[in-house]
Amino acid sequence: MLDDRDRPSSGREDLEAALVLHYSRLVRIAYLALPPEGDRHGRVLAAHAIAQRTLSGGAGPGGRPGRWLRRAPQQVDGDSYAILRQAVVNAVLRKAWWPRSLRQPYVWGLRLFPLGGGSQELELDAALRGLSITARMAYVLLALEELDAEEVAELLSGAGARGVPAALERARQLLAEHPAGVLESSEFDPCTLRTRPTDLSRRRRQTRGAAAGGGVVLVALLAIVIGVSGSGSGGADAAVTGAAGADVAHTAVQVADGAWQQSPRLDFGVWPTRGDGSVPAATVGQAVTAWSSQHPDVYKLGAGAADGPPLQPVHALWSGHLDGATVVLLFDSTRLARYTLPDAPSAADPVRLDVVPADGADLTSAGAVVLRSTDAGDRWLVAPWVDTVGVRDLRIPSASAQSAAVSDGVTAAVPKPPASGCGSWPALQLHATAAVGGETFALTDLGGVTGTHLLFTAPPKTDPTQTPREVAAPDAFGTQARVACGLSALAGQDVKQVDTWVFAQQPLPQSQGLASWVCVRADQWAGGGSATSEFLPPAAQAAATVTGTESDGRTCSALGPNVVAQARWRAPDGKVYLLVAGTRHVVKVAVSDSAGTVRQTVSAPEHTAAVALTGAQAAAGSGVGILDTGAQIRPMDDPRQGQ
């Protein structure tokens, strides 16, 4: 096949030919390098828009190449593919993919996702999330395009990127850990896609028959233009077939017991069909019908879950009778639906169908599901790869986990977190079989169907890499005991995982011991998240003090690693200090008055500082962290202000 990258060319016709010939590769470059926040659907559309607008969207008067092409270096003018590639690099690094500055392809009624990959793809995707846009692009150019470091540096510099040497070094490290061939996987192919609907039921009600006819045409056009596919991981994902508005068949797929042992990807899609045998097949069909009809008295859409009826085929994960109710658990490749039919329905225990997001689950986040929650406790259904189950009270770090009885994957009633107060905070401690790594991890019930995965990041001196790990060791238990009560504020918020990050430790003035600074990061299934900074005094039993909150943002995540927090602390002699602590790049602290005027700047050895406050500053002084780059960062909003 003719490879346009190997021949000289000139003129718009050659650029158009190169774009057609290498369209999928250019879209893949854009998709891989775009930042990972938000959903994959948005990244897919942005990547296609970037590739398409290298010619049409940015064309100048008289058919001249668009603005991204005009910015390409002169030395690549003889290679049409290289010109287009530089245009894609320019668009990504100059943030031309932002929705306000880019007219994206419009897809009505469908969500688009690349096909699933295996464990290598999941590991690489997680690693890429920790990189800057520049470093992501550097890795893509080194690995996918097989360019040398000098060529990559030239491309990045041509796009106006900053910090190119550091980005290249990080990209080289990643390339040594993850082979280039992984980037060719379907996991990272935004041109071969699976689909799911968004608002089919609402459109059916509004447009009646027209919606169904339009859905058929749209699916057909998408299949021709961008190659929509309906396969998924291990056969777990479902395609939209036939008319998009067609009724869902009242049947469910049964998954074999050993499916998870053959799959490279562990999620809800490879859970076997289980149950106690007390529920007839018709009841499972009744649950699917409840999902399809979405009766407002029964249908309860969880935070972050996409609205609409189930995709086909629906997987029946469990059906049976528990604690006075028939329960059916369904999965449609992106969502879980738990159907509960009490023997004696009441206002406190009604018939209901809870639909929650489950896209992107893995070994831990798909480790267990709450089948039934009553005053007697929680009944969990654990993943088939879990071989032992225990219950640990996070408020008592010295106590051992108590073994929990399990029958065919379902636990006996185990304590659930209290509705009020915080005398205890139970968490499920699970151990995965050696066949999948033998890891021990913890989940807790925050009021949803899925459990919330608990993580711990040790202090910098203990773990210089600051890598989140499982809550499975004494140091993690000790910190969790002091912050666990704050988990109640996250109930009902679609929280997938919570990472308790000890980002700094600070010796207090007057030899009063070593305090810890913690950021509790809560990531939601839908992609958003919140953060809370907390000050932990030296005394092991002393309560943590919340010093700042961010209800929606990236602080304390891989994309928001620079953090600073502050607290006022009174020494035994009555002197008031402003304690300020930051992450590894915080090297100085500026203290300002109530008007925001900086009154003094002090160095921050070990990324912490304690500044004695006098006069008006004792009540109104505020700290600002200064990074090694000279940039300033402020603490998160203090929830106590204004009270």
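Source: prediction; values computed, not measured.

### Re the confidence of the model for the chain
Piece 1. Averaged over all residues, the pLDDT of the chain equals 82, while 81% of them reach at least 70.
Piece 2. In the model of the chain, helix α11 (residues 209–226) stands out as the element of lowest mean pLDDT, 36, in contrast to strand β14 (residues 410–411), which has the highest, 98.
Piece 3. The low-confidence segment residues 199–250 (pLDDT under 50) makes 86 contacts with residues lying over four places distant or belonging to another chain.

### Examining the pairing of strand β23 (residues 564–570)
Piece 1. Within β23, five of the seven residues are buried, leaving the element largely enclosed by the surrounding structure.
Piece 2. With seven bridges joining them, β23 and strand β24 (residues 576–582) adopt antiparallel strand pairing. Of the residues in β24, the one forming a bridge with Arg-568 is Leu-578.
Piece 3. The loop that links β23 with its antiparallel partner β24 comprises five residues; one of these, Gly-574, has a positive phi angle of about 95°.

### Concerning the environment of Ala-383
Piece 1. Along the polypeptide, Ala-383 turns up in the loop between β10 (377–382) and β11 (386–393).
Piece 2. Beyond its immediate chain neighbours, meaning those up to four positions away, Ala-383 contacts Trp-271, Arg-274, Ala-366 and Gly-367.

### Here's the deal with the sheet that holds strand β6 (residues 325–331)
Piece 1. Reading across the sheet, the six strands line up as β3-β5-β6-β7-β8-β4 and stay open at both edges, with mixed pairing between neighbours. Where the open sheet ends on each side, the last strands, each with one partner, are β3 (274–275) and β4 (299–301).
Piece 2. Bridge count for β3 against strand β5 (residues 315–322) is two bridges, and the pairing is parallel. Bridged to Arg-274 within β5 is Trp-318.
Piece 3. Sitting on the sheet, helix α13 (residues 281–293) is in contact with β4, β5, β6, β7 (335–342) and β8 (352–357), with an inclination near 65° to β6.

### Topic: the pattern of salt bridges
Piece 1. Across all of its chains, the model carries 13 salt bridges by this definition.
Piece 2. The partner of Asp-323 in a salt bridge is Arg-379, and the shortest N-O contact between them spans 2.9 Å. Taken together, the residues span a long stretch of sequence, with Asp-323 in the loop between β5 and β6 and Arg-379 in strand β10 at a distance of 56 residues.
Piece 3. Residue classification places Asp-323 among the partly exposed positions, given a relative accessible area of 34%.
Piece 4. On the basis of relative accessible area, Arg-379 is assigned to the buried category, the value being 16%.
Piece 5. The partner of Arg-338 in a salt bridge is Asp-354, with the nearest N and O atoms 3.5 Å apart. Taken together, the residues Arg-338 in strand β7 and Asp-354 in strand β8 connect sequence positions 16 residues apart. We note that Arg-338, like Asp-354, is buried.

### Examining the packing of helix α8 (residues 149–158) against helix α9 (residues 164–177)
Piece 1. At a minimum axis distance of 10 Å, the contact between α8 and α9 shows a crossing angle of 135°. The orientation of α8 with respect to α9, classified from their angle, is oblique. Where α8 crosses over α9, the two elements pack in a sense that is right-handed. Facing α8, whose interface residues are Ala-149, Val-152, Ala-153, Leu-156 and Ser-157, α9 presents Val-164, Leu-168 and Arg-172.
Piece 2. Classifying every residue of the contact of α8 with α9 gives six nonpolar, one polar and one charged.

### Concerning the side chain of Asp-189
Piece 1. Its location among the elements puts Asp-189 in the loop between α9 and β2 (193–197).
Piece 2. Overall, Asp-189 belongs to the buried group, its relative accessible area being 13%.
Piece 3. Of the polar contacts made by the side chain of Asp-189, one reaches the backbone nitrogen of Cys-191; its length is 2.9 Å.
Piece 4. Reaching out from Asp-189, the side chain makes a polar contact with the side chain of Thr-192 at a distance of 2.9 Å.
Piece 5. Setting aside residues no more than four positions away along its own chain, Asp-189 makes contact with Arg-28 and Pro-114.

### Here we look at the packing of helix α2 (residues 23–33) against helix α5 (residues 80–93)
Piece 1. Orientation of α2 relative to α5, taken along the N-to-C sense of each, is 25°, at an axis distance of 10 Å. In terms of their interaxial angle, α2 and α5 are classed as roughly parallel. Here α2 and α5 pass one another in a crossing that is right-handed. Contacts between α2 and α5 involve Arg-25, Leu-26, Ile-29, Ala-30 and Ala-33 on the former and, on the latter, Tyr-81, Leu-84, Arg-85, Val-88 and Val-92.
Piece 2. When its residues are assigned to classes, the contact of α2 with α5 shows eight nonpolar, no polar and two charged.

### A closer look at the nonpolar core
Piece 1. Membership of the largest hydrophobic core comes to 59 residues, with the highest contact counts inside it found for Val-92, Met-137 and Leu-156.
Piece 2. Those residues in contact with Leu-156, other than ones at most four positions away along the chain, are Leu-93, Thr-134, Met-137, Ala-138, Leu-141, Ala-161 and Val-164.
Piece 3. One finds Phe-331, Ala-358, Val-382 and Leu-443 within the second-largest nonpolar core, a separate group that totals 39 residues.

### Notes on unusual backbone geometry
Working note: non-glycine residues mostly have negative phi, and peptide bonds are mostly trans.
Piece 1. Look at Ser-333: it is not a glycine, yet its phi comes out positive at around 90°.
Piece 2. Ser-333 gets classed as buried once you look at its relative accessible area, which sits at 5%.
Piece 3. You will see that Ser-511, though not glycine, has its phi angle at about 55°, which is positive.
Piece 4. One can find Ser-511 in the loop between β19 (495–507) and β20 (514–524).

### With respect to the packing of aromatic side chains
Piece 1. Enumeration according to the criterion identifies six aromatic pairs in this entry.
Piece 2. Taking 4.9 Å as the distance between ring centres and 55° as the angle between the ring planes, the aromatic pair formed by Trp-517 and Phe-535 counts as tilted. Residue Trp-517 is found in strand β20, and its partner Phe-535 is found in strand β21 (residues 529–536); the two are separated by 18 residues along the sequence.
Piece 3. Take Trp-517: its relative accessible area is 0%, and that puts it in the buried class.
Piece 4. Given the relative accessible area of 5%, Phe-535 is considered buried.
Piece 5. In this structure an aromatic cluster arises from ring pairing among Phe-268, Trp-271 and Phe-331.
Piece 6. A cation sits over an aromatic face here: Arg-392 above Phe-477, 3.7 Å from the ring centre.

What counts, and where the lines are drawn
- Residues numbered from 1 in each chain as written.
- Predicted model: local features only at pLDDT ≥ 70, side-chain atom pairs only at ≥ 80, totals over all residues.
- Heavy atoms only, no water.
- pLDDT = per-residue confidence, 0-100.
- Helix = DSSP H or I, 4+ residues; strand = E, 2+ residues; numbered from the N terminus.
- Contact = heavy atoms within 4.5 Å.
- Buried < 20%, exposed > 50% of the residue type's maximum accessible area, 1.4 Å probe, protein only.
- Pairing = 2+ DSSP bridges.
- Axes fitted to C-alpha atoms, helices over the stretch in contact; angles between N-to-C directions.
- Salt bridge = Lys/Arg side-chain N within 4 Å of Asp/Glu carboxyl O.
- Parallel < 35°, antiparallel > 145°, perpendicular 65-115°, else oblique.
- Left-handed = near helix turned anticlockwise from the far one by under 90°.
- Nonpolar A, V, L, I, M, F, W, Y, C, P; charged D, E, K, R; others polar.
- Polar contact = N/O pair within 3.5 Å; in protein donor to acceptor, adjacent residues only side chain to side chain.
- Core = buried A, V, L, I, M, F, W, Y, C linked by side-chain atoms within 4.5 Å.
- Phe/Tyr/Trp six-rings, centres within 6.5 Å; stacked < 30°, edge-to-face > 60°.
- Lys NZ or Arg CZ within 6 Å of the ring centre and 35° of its normal.

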